[in-house]
Amino acid sequence: MSDDANDTLAPTRRDYIKYGGGLVTAGALAGCTGDGDAETTTSGTSTTATTTTATDTSYSVTMEPMGEVTFEETPETWMSFLSTYGDMGIALGKADGLRGLWDPSNMPAFFYDYLPGVDVSLDDVETVAGDGGFDKEIFYALDSDLHLVDPNWLGVLSDNWTAADAEEIGDAVGPFLGNYIRRRGDEWHDYPYYSLYEAFEIVADAFDEAERYEAYRAVHDEMQATIQSTLPPAEERPTVGVLSVNSDFEKGAFWAYPVQSGNNHKQYRDLEMRGAFDDHIDGSYAKWDYEQLLDVDPDAIVFQYGLTHVSTEEFEAKVQRMREDPVGKQLRAVRNDRLYRGGGSYQGPIVNLFQTEAAARQFYPDAFGEWNGLETLSEASLTLFERQRVADILNGDV
């Protein structure tokens, strides 16, 4: 079982929870598995948001596992457990209404600093997590109009959370809207998954911000077209190994991952990265030592959470141990200084844009420009998307 708190949330029960059409099994969440393209689902079920008019002011959106969710008026206050949906709400211009996040300190808000004229502060956002779990009373305390979280996932986090709790909070405080799209293949998630932009479209409809969504979608699609026209041939791309930055560098115990099909590795799939460990890991993750890493010997190594959960100084201290290890220093990626800070798993639309550009420069510098750390993202040239355009959309100039 992975000891990476950001990658593993081990349940303590095997209960079953019903919420809407979803049946939850609180199974082990050590790794990430799944199938499908970054922007498709595999269920065959349409996952496009549907909007119907109930009265002159009310409207509804549809998302699994909740089904149809009706709003009498546009939500003004909201909370999000994960920064995936937190980033969606902020991208839609709703930062002022954000009341709670699972852990605001792990929200990669620094990316917004690279958008001209954008000022996003999380100073007044409450921390929802406590001692590795949460208290149901936090929903009452925050009193949000909308809870952007998969209610079934809460049953994985807490022994005490039930379908009755979800119904109670939905009726007494505000509805839930969310689908755990980070990874695919979890035992408890037996309802359709969504791609990032499928989920984002539904959230945008909930906030009555369809025009903003379409503007972001256009930026994303343009970036994807640029990537496809610029990628070097497959045989010229390096092999890249994905490790967790939360591994034990001192003991030489590393959490290694294949490139996965959930939202957590969207940028790597979009960049057609040659995952070095893909054919060597049977499952969603593995715990390897230096010798096993050397057996594969990837051209480059990217450390998941390196951009979002550790500082530059902390990252350098960690990889320095790898450079000094008798076996670690033999790795091709170490010898060629191709050790990179990778993105976090919980990426919304804006975070994904930046994390995709970072990975493009790290893996293919000849095609997309050299990577020289985070300051590279402030450079005006060779960017994969227009910073000013994204800033304008966030600020309401669609």
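## Here we look at the pairing of strand β5 (residues 67–71)
Moving residue by residue along a regular strand, the side chains alternate between the two faces of the sheet.
Item 1. Both strand β4 (residues 59–63) and β5 contribute to a ladder of five bridges, which runs antiparallel. In the sheet register, Tyr59 faces β5, and the bridge partner there is Phe71.

## Focus on the packing of aromatic side chains
Item 1. Summed over all chains, the structure comprises 31 aromatic pairs.
Item 2. Residues Tyr197 and Phe200 carry aromatic rings whose centres are separated by 5.8 Å and whose planes lie at 75° to one another, so their mutual orientation is edge-to-face. Linking Tyr197 with Phe200, this pair stays in helix α5 (residues 196–206), spanning three residues, or about one helical turn.
Item 3. Taking the relative accessible area as the measure of exposure, Phe200 reaches 0% and is therefore buried.
Item 4. The interplanar angle of 85° and the centroid separation of 5.2 Å between the aromatic rings of Phe249 and Phe254 together place this pair among those described as edge-to-face.
Item 5. Of the residues examined, Phe254 reaches a relative accessible area of 0% and is grouped as buried.
Item 6. Taking the ring centre of Phe385 as reference, the NZ or CZ of Arg387 above it sits at 4.4 Å.

## Some thoughts on helix α6 (residues 210–230)
Item 1. Its 21 residues give α6 an end-to-end C-alpha distance of 30 Å, which sits within 8% of 30 Å, the value for a rise of 1.5 Å per residue.
Item 2. Buried residues of α6: Arg212, Tyr213, Ala215, Tyr216, Val219, His220, Met223, Gln224 and Ile227, and no others.

## Observations concerning the sheet that holds strand β6 (residues 78–80)
Item 1. As summarised here, the arrangement of the four strands in space is β8-β7-β6-β9, forming an open sheet in which the pairing is parallel. Only two strands of the sheet have a single partner each, and these edge strands are β8 (126–127) and β9 (146–148).
Item 2. The sheet contact formed by β6 and strand β7 (residues 98–101) spans three bridges and is parallel. Of the residues in β7, the one forming a bridge with Ser80 is Leu101.

## Concerning the pairing of β4
Item 1. Burial runs high along β4: four of the five residues are buried.
Item 2. Taking the residues that link successive antiparallel strands as the turn, the β4-β5 hairpin has three residues.

## Some words on the nonpolar core
Item 1. Of all hydrophobic cores here, the largest spans 97 residues; its most connected members are Phe81, Phe139, Trp153, Leu154 and Leu177.
Item 2. Membership of the second largest hydrophobic core comes to 24 residues, among which are Trp288, Tyr290, Ile301 and Val334.

## Side note on a negative patch on the surface
Item 1. Among the surface-exposed residues, Glu72, Glu73, Glu76, Asp143 and Asp145 lie close enough to one another that they form a single negatively charged patch.
Item 2. Looking at where Glu76 falls in the secondary structure, it is placed in the loop between β5 and β6.
Item 3. Judged by its relative accessible area of 64%, Glu76 falls in the exposed class.

Conventions and cut-offs
Residues numbered from 1 in each chain as written. Predicted model: local features only at pLDDT ≥ 70, side-chain atom pairs only at ≥ 80, totals over all residues. Heavy atoms only, no water. Pairing = 2+ DSSP bridges. Helix = DSSP H or I, 4+ residues; strand = E, 2+ residues; numbered from the N terminus. Phe/Tyr/Trp six-rings, centres within 6.5 Å; stacked < 30°, edge-to-face > 60°. Buried < 20%, exposed > 50% of the residue type's maximum accessible area, 1.4 Å probe, protein only. Lys NZ or Arg CZ within 6 Å of the ring centre and 35° of its normal. Expected span 1.5 Å × (residues − 1). Core = buried A, V, L, I, M, F, W, Y, C linked by side-chain atoms within 4.5 Å. Patch = residues over 30% accessible without salt bridge, like charges linked within 9 Å, V, L, I, M, F, W, Y side chains within 5 Å. Areas by Shrake-Rupley, 256 points an atom, 1.4 Å probe, with all protein chains shown as cover. Salt bridge = Lys/Arg side-chain N within 4 Å of Asp/Glu carboxyl O. Lys, Arg positive; Asp, Glu negative; His and termini not counted. Charge placed at Lys NZ, Arg CZ, Asp CG, Glu CD.

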